[in-house]
Amino acid sequence: MKEVIKKIGLGIASVAMVACGMTAIAPSVYASPVTEAQGGVSDITPAGTNTDLMDIIKTILNTVFVVVGIVAVVMIILGGINYATSQGDPGKASKAKNTIMYAIIGLVVTLLAFAVVNFVLSALA
């Protein structure tokens, strides 16, 4: 069971890294040369792209926070499943309770970090 949880965690971490990378390069990917050429020299950047560094940082951090939140919720679900299948074994039940508790703590810390980062970035802008 530990091996399965580790593989799931590594898979979620891999998806999170790919999502962060895609978020970082997204503005340059969907700006087609045809759209830029039709707008003329004065309208090189198509509407909807994030050209401001703060917007890019905010988008990347918000994506990371969403992924971490999803991982925390998945861990809460896995802890619940482990608790339900512990069959009265105190060691397994304790481990499952700790998984749920730490996942909830991680979710709360993520929400607080999300609030603080967005507050600071909006104050800097």
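From a predicted model like this one, the values you see are computed outputs, not experimental measurements.

Right, let's talk about the overall build of the protein for a bit. Assigned secondary structure in the protein consists of four helices and zero strands. In the protein, the order of α-helices and β-strands from amino to carboxyl end is α-α-α-α. For the protein, buried positions account for 17% of its 125 residues. Long-range pairs, those at least 24 residues apart, make up 62% of the contacts in the protein with a sequence separation of at least 6. A total accessible area of about 8,600 Å² is found for the protein, and carbon and sulfur atoms account for 73% of it.

Once that is clear, we can look at the packing of aromatic side chains. Each aromatic ring pair is characterised by the separation of its centres together with the angle its planes make. Inspection of every chain in the model, using the stated rule, returns one aromatic pair. Where Phe-65 meets Phe-114, the ring centres are 5.9 Å apart and the plane angle is 90°; that geometry is what we call edge-to-face. In this pair, Phe-65 is assigned in helix H3 (residues 53-84) and Phe-114 in helix H4 (residues 90-124), connecting sequence segments 49 residues apart. For Phe-65, a relative accessible area of 14% corresponds to the buried category. Of the residues examined, Phe-114 reaches a relative accessible area of 35% and is grouped as partly exposed.

This part covers H4. For H4, built from 35 residues, the straight-helix expectation of 51 Å at 1.5 Å per residue is met to within 8% by its first-to-last C-alpha distance of 50 Å. Where H4 is concerned, the buried positions are Ala-93, Ala-96, Ala-103, Thr-110, Asn-118 and Leu-121.

Before going further, it helps to examine the environment of Ser-122. The residue Ser-122 is located in helix H4 in this model. Polar contacts involving the side chain of Ser-122 include one to the main-chain carbonyl oxygen of Phe-119, which spans 2.9 Å.

Residues at a pLDDT of 70 or more form 58% of the protein, whose mean pLDDT is 76. Within the protein, helix H2 (residues 33-39) has the poorest average pLDDT of any element, 54, and H4 the best, 91.

Let us now look at unusual backbone geometry. With a phi angle near 55°, Gln-87 is a residue other than glycine that sits in the positive phi range. Along the chain, Gln-87 falls in the loop between H3 and H4. By relative accessible area, which is 77% here, Gln-87 ends up exposed.

Another aspect to go through is a nonpolar patch on the surface. A cluster of nonpolar residues, Met-101, Tyr-102, Ile-105 and Val-109, forms a patch on the protein surface that exposes about 400 Å² of accessible area. Mapped onto the elements, Tyr-102 comes out in helix H4. On the accessibility criterion, Tyr-102 (54% relative accessible area) is exposed.

Here we come to the packing of H3 against H4. Where H3 meets H4, the axes come as close as 8 Å, and the angle between the chain directions of the two elements is 165°. In terms of axis orientation, H3 runs roughly antiparallel to H4. Considering only the axes of H3 and H4, their crossing is left-handed. Grouping the constituent residues of the contact of H3 with H4 by class yields 20 nonpolar, eight polar and two charged.

Conventions we followed
Residues numbered from 1 in each chain as written. Predicted model: local features only at pLDDT ≥ 70, side-chain atom pairs only at ≥ 80, totals over all residues. Heavy atoms only, no water. Helix = DSSP H or I, 4+ residues; strand = E, 2+ residues; numbered from the N terminus. Buried < 20%, exposed > 50% of the residue type's maximum accessible area, 1.4 Å probe, protein only. Contact = heavy atoms within 4.5 Å. Areas by Shrake-Rupley, 256 points an atom, 1.4 Å probe, with all protein chains shown as cover. Phe/Tyr/Trp six-rings, centres within 6.5 Å; stacked < 30°, edge-to-face > 60°. Expected span 1.5 Å × (residues − 1). Polar contact = N/O pair within 3.5 Å; in protein donor to acceptor, adjacent residues only side chain to side chain. pLDDT = per-residue confidence, 0-100. Patch = residues over 30% accessible without salt bridge, like charges linked within 9 Å, V, L, I, M, F, W, Y side chains within 5 Å. Salt bridge = Lys/Arg side-chain N within 4 Å of Asp/Glu carboxyl O. Axes fitted to C-alpha atoms, helices over the stretch in contact; angles between N-to-C directions. Parallel < 35°, antiparallel > 145°, perpendicular 65-115°, else oblique. Left-handed = near helix turned anticlockwise from the far one by under 90°. Nonpolar A, V, L, I, M, F, W, Y, C, P; charged D, E, K, R; others polar.

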